[in-house]
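Fold and geometry: a report
Below, each chain spelled out in residue letters.
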Amino acid sequence: MPPALRLGVNIDHVATVRNARGGHRPDPIRAARIAAEAGADGITAHLREDRRHIVDADLPRLMAAVALPLNLELAATPEMVAIACRLRPHAACLVPERRDEVTTEGGLDAAGAGLALRDAVARLGDAGVRVSLFIDAEPRQLAAARTLGAPVVELHTGRYCDTVPGPEREAELARLRTAAADADRLGLECHAGHGLAYDTVAAVAAIPTMRELNIGHFLIGEAIFVGLGNAIGRMRALMTAARSNPSADPAGHGTAAQ
Ligand code: PXP
């Protein structure tokens, strides 16, 4: 039996809906409490430079209200790193960020990283924050993460999730599997996320060296129809089933979202 697989629930899009109108509702901290009750192992929140969803004031509230570990996603800028070093969440996931992108498109270029990324990893590590790098499933990015001294990598699953079942999806899945095995060999803890849904989660959850999945947009969307607790509960159940019977869904066809 592979080690346990944690589910981090990303609450950004509750804040997106709140910010669309201003004011306080819906409250992402309430979503985090529901996630905890529904079986999440952690909460993920992305403080973007443009504050388009989570805002600074959400973070201390979140850390005070919910006992689950907080995984703070952030760009490797001096401003963001200073905020993370001050707040000292359980973990920080360094992501690429462009103001004009709709969401995080592609992984960090750890291999081509300059001093800013190296410095961010070191400063966060010195502050006692577990650092992960959000990278594409490529050998050179894994090797670079190791060289930079990050203990964790999060593999970008966007390309895999954008495919339909068939050869292209198989190829993307194979890349994720290989990268997860390579991460293990390099001594890096392996996480994954971006775009995961009911029909794509099982094959990724079945990868034995995978330790954490971070999932947001699909869960918040599904919550409109079935409630957040139910959506998380079903995702958790799919992950657990895939973990205990990895060969049941080797092609990643999964359970279609209803
Ligand atoms: N992991 C990282 C590093 C991300 O940037 C995101 C998107 O914010 C996610 C996971 C979650 O992706 P999604 O919201 O598509 O599930």
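Further up the page is the structure itself.
Cut-offs used in this document
Residues numbered from 1 in each chain as written. Predicted model: local features only at pLDDT ≥ 70, side-chain atom pairs only at ≥ 80, totals over all residues. Heavy atoms only, no water. Near = heavy atom within 4 Å. Polar contact = N/O pair within 3.5 Å; in protein donor to acceptor, adjacent residues only side chain to side chain. Areas by Shrake-Rupley, 256 points an atom, 1.4 Å probe, with all protein chains shown as cover. Disulfide = S-S within 2.5 Å. Salt bridge = Lys/Arg side-chain N within 4 Å of Asp/Glu carboxyl O. Helix = DSSP H or I, 4+ residues; strand = E, 2+ residues; numbered from the N terminus. Buried < 20%, exposed > 50% of the residue type's maximum accessible area, 1.4 Å probe, protein only. Axes fitted to C-alpha atoms, helices over the stretch in contact; angles between N-to-C directions. Left-handed = near helix turned anticlockwise from the far one by under 90°. Contact = heavy atoms within 4.5 Å. Nonpolar A, V, L, I, M, F, W, Y, C, P; charged D, E, K, R; others polar. Pairing = 2+ DSSP bridges.

**Side note on the site of the ligand**
- Near the ligand lie 13 residues; those nearest to it are Glu73, Glu154, Gly195, Gly216 and His217.
- At a separation of 2.5 Å, a nitrogen atom of the ligand approaches a polar side-chain atom of glutamate 154.
- For the ligand, whose accessible area on its own is 400 Å², the fraction buried by protein is 95%.

**A look at the state of the cysteines**
- Tallying each qualifying case throughout the model produces zero disulfides.
- Looking at cysteine 85, it has no disulfide partner, and the nearest cysteine sulfur is the one in cysteine 93, 15 Å off.
- Cysteine cysteine 161 is unpaired, with the sulfur of cysteine 190 as its nearest cysteine sulfur at 14 Å.

**As for the pattern of salt bridges**
- Summed over all chains, the structure comprises 15 salt bridges.
- Two residues, arginine 159 and glutamate 172, come together in a salt bridge whose shortest N-O distance is 3.4 Å. Of this pair, arginine 159 sits in helix H7 (residues 158-162) while glutamate 172 sits in helix H8 (residues 167-185); the two residues are 13 residues apart in sequence, bridging distant segments of the chain.
- Since its relative accessible area comes to 46%, arginine 159 is described here as partly exposed.
- The partner of glutamate 172 in a salt bridge is arginine 175, with the nearest N and O atoms 3.1 Å apart. Of the two residues, glutamate 172 and arginine 175 both sit in helix H8, three residues apart, roughly one turn of that helix.

**Thoughts on the packing of helix H9 (residues 198-205) against helix H11 (residues 228-244)**
- Running from N to C, H9 and H11 cross one another at 35°; their axes reach a closest spacing of 8 Å. The element H9 and its partner H11 pack so that their crossing is right-handed. Of H11, the residues touching H9 (which contributes Tyr198, Val201, Ala202 and Ala205) are Asn230, Ala231, Arg234, Met235, Leu238, Met239, Ala242 and Arg243.
- For the contact of H9 with H11, the per-class residue count stands at nine nonpolar, one polar and two charged.

**Brief notes about the sheet that holds strand S4 (residues 91-94)**
- Here eight strands make up a closed barrel; going around it, the order is S1-S2-S3-S4-S5-S6-S7-S8 and the pairing parallel. Averaged over all neighbouring strand pairs, the angle between strand axes comes to 25°, with direction disregarded.
- Here strand S6 (residues 152-156) pairs with strand S7 (residues 189-193) via five bridges, running parallel. Paired with glutamate 154 across the bridge in S7 is histidine 191.
- Across the sheet, H9 touches S7 and strand S8 (210-215), and the angle it forms with S8 is around 165°.

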